[in-house]
Structure formats: C-alpha cells, structure tokens
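# Structural description and commentary
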Amino acid sequence: MGKIFRFRSFALGLMVFLVFVSSGCKKSFNPENFDWIEIDESYVPQNYIEEFIKNDAEQRGLFPVFIRNYGQEKSALASFRGANFARPNEAALALAFPGLEDWMLVDIKFKTEKGQEATRTVLYIKLEGSWRVADSGSFLK
C-alpha cells in the first residue's frame, strides 16, 4: 500500500510540476495570427497611429496600404528587431524612453514608387502625450 501511495504522490507531483512549467513558458509569436487591414481613402482610422498612417499614405500617393496592428502584444515586442532595439521588453523601452506612456507595434505593407512590395515593422511610442516612431525593422524568425 505504501509503494502505491508514494507512486501516486510522485505522479501527482510530476503532473503539477509539468502544468506549472508549461504555463510559465513564453507564448510564441506568429504574425500570421493577425489580419491585414486595408487602408485607403474611405478607411476610418481606429486610433491616432492608423490616422497618421492613412494621412502619410495619402500625401505620398501610396494607397492602398495594409497594416497589421499588434498593439501592445508583448510576444511581438520580444520578436522585434530594429535599428535601435533587438528583442526588447517593456522595461528596456521604459529605460530608453523615460516617461514612456504607451507603445504600439504595427506592420505596414505598401508598394514603392517602382511597384515593389515593401513591409516594415514600426515601433511607435507615446511620450508627453504625443506619438512618435521609436524604431523600425522586422520580426526575427
């Protein structure tokens, strides 16, 4: 009876440990889980960043442009590589930008003047009430 009890206790302990370890694992990021949104003349922006992208595309004559808005998806931030950051976290952003109020990651896909498709991942930050570009790059595979 004692051996069975110890085995059950061991098995239960192992199951609890495995559940604990697996729940603590980082969530993998896959950009394909986010839909592309087409921005053209008739698109109604959902936030300031989308409005900025729409106005910029209109001024440059780049319509339509497509975006994937990842918002504050931490796993996306951890997969981002730009000119200034590689796999940053929120603490790194706060250290680099004291007073950081908000941040957002957005993929922007458009056709260049030569007709080539280009995709950029842009890290926007909000400081002192205004949004600005902090970095641009792509996601690490």
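Everything numeric in this text was worked out from a predicted model, so none of it was measured.

### Points about the packing of aromatic side chains
Counted under the stated rule, the structure contains six aromatic pairs. Aromatic side chains F29 and Y70 sit 5.4 Å apart centroid to centroid with 75° between the ring planes, which places their arrangement in the edge-to-face category. On the criterion of sequence distance, the pair formed by F29 in the loop between α1 (2–23) and β1 (37–39) and Y70 in strand β2 (residues 65–71) is long-range, its members being 41 residues apart. On the accessibility criterion, F29 (16% relative accessible area) is buried. Take Y70: its relative accessible area is 4%, and that puts it in the buried class. Seen in terms of ring centroids, F29 and F139 are 4.8 Å apart; in terms of plane orientation they differ by 55°. Their pairing is tilted. In this pair, F29 is assigned in the loop between α1 and β1 and F139 in strand β6 (residues 130–139), connecting sequence segments 110 residues apart. No difference in accessibility class separates F29 from F139, as the two residues are buried. Within the aromatic cluster, the residues linked to one another by ring pairs are F29, F34, Y70 and F139.

What counts and what doesn't
- Residues numbered from 1 in each chain as written.
- Predicted model: local features only at pLDDT ≥ 70, side-chain atom pairs only at ≥ 80, totals over all residues.
- Heavy atoms only, no water.
- Phe/Tyr/Trp six-rings, centres within 6.5 Å; stacked < 30°, edge-to-face > 60°.
- Helix = DSSP H or I, 4+ residues; strand = E, 2+ residues; numbered from the N terminus.
- Buried < 20%, exposed > 50% of the residue type's maximum accessible area, 1.4 Å probe, protein only.

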